[in-house]
Amino acid sequence: MEMTSKEAAAYLSGPVGYTVSAKFLRGLRYASRGPVVEKRGSRLVYRKSTLDAFLLENGTDPTAWYAGMWREVAGQLRAIAEATGDDGFNPLIETLERRDPPEDWDPDLAK
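Residues numbered from 1 in each chain as written. Predicted model: local features only at pLDDT ≥ 70, side-chain atom pairs only at ≥ 80, totals over all residues. Heavy atoms only, no water.

### So, the overall build of the protein chain
- A count of helices and strands for the protein chain gives six helices and three strands.
- Order of helices (α) and strands (β) in the protein chain, N terminus to C terminus: β-α-α-β-β-α-α-α-α.
- By residue count, 26% of the 111 residues in the protein chain fall in the buried class.
- Considering only intrachain contacts with a sequence separation of at least 6, the fraction spanning at least 24 residues in the protein chain is 51%.
- Approximately 7,500 Å² of the protein chain is accessible, and the part contributed by carbon and sulfur atoms is 54%. (Helix = DSSP H or I, 4+ residues; strand = E, 2+ residues; numbered from the N terminus. Buried < 20%, exposed > 50% of the residue type's maximum accessible area, 1.4 Å probe, protein only. Contact = heavy atoms within 4.5 Å. Areas by Shrake-Rupley, 256 points an atom, 1.4 Å probe, with all protein chains shown as cover.)

### A short note on the sheet that holds strand β1 (residues 2-3)
- Strand order in the open sheet formed by three strands is β1-β3-β2, with antiparallel pairing between adjacent strands. Sheet topology places β1 and β2 (38-40) at the edges, where each strand pairs with a single neighbour.
- Examined bridge by bridge, β1 and strand β3 (residues 43-47) share two bridges and lie antiparallel to one another. Note on β3: the bridge partner recorded for glutamate 2 is arginine 47.
- Taken strand by strand, helix α3 (residues 48-58) contacts β1 and β3, and its axis lies near 60° from that of β3. (Pairing = 2+ DSSP bridges. Axes fitted to C-alpha atoms, helices over the stretch in contact; angles between N-to-C directions.)

### Digging into unusual backbone geometry
- Its identity is not glycine, yet serine 32 carries a phi of approximately 60°, on the positive side.
- Take serine 32: it is sitting in the loop between α2 (22-30) and β2.
- By relative accessible area, serine 32 is classed as exposed at 64%.

### Some remarks on the nonpolar core
- By size, the foremost hydrophobic cluster in this structure holds 14 residues, and its most contacted members are Ala8, Leu12, Leu25, Tyr46, Leu51 and Trp65.
- Sorting the residues of this core by element identifies α1 (5-16), α2 and α3 as the ones contributing at least two each.
- No other element matches α1, which puts four residues into this core.
- Each residue touching alanine 8, except ones within four places of it in the same chain, is listed here: Met3, Leu25, Tyr46 and Leu51. (Core = buried A, V, L, I, M, F, W, Y, C linked by side-chain atoms within 4.5 Å.)

Encoded structure:
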């Protein structure tokens, strides 16, 4: 079954427990953190099976869906800084690294 972004957002909202917007879903896709989409002509569509797989792999907490994103951006900036020899990114890299929890952080053990 193919779904539009709005339909996919409504489908994900059920297990999450509150409304997930199509805009939020697009944001996940832009950050390479969302469910897999397929191109159908000029449209992007979601399949129910990929949404189910996304929930199974990432859980139902939308904040966890973004986990690691800032670390990846910081890593990309670090690679650019090393390749160019430009230290101007260092303050931004440090800020981005502070936004993500440590890699060994377990949300199930947090109090």
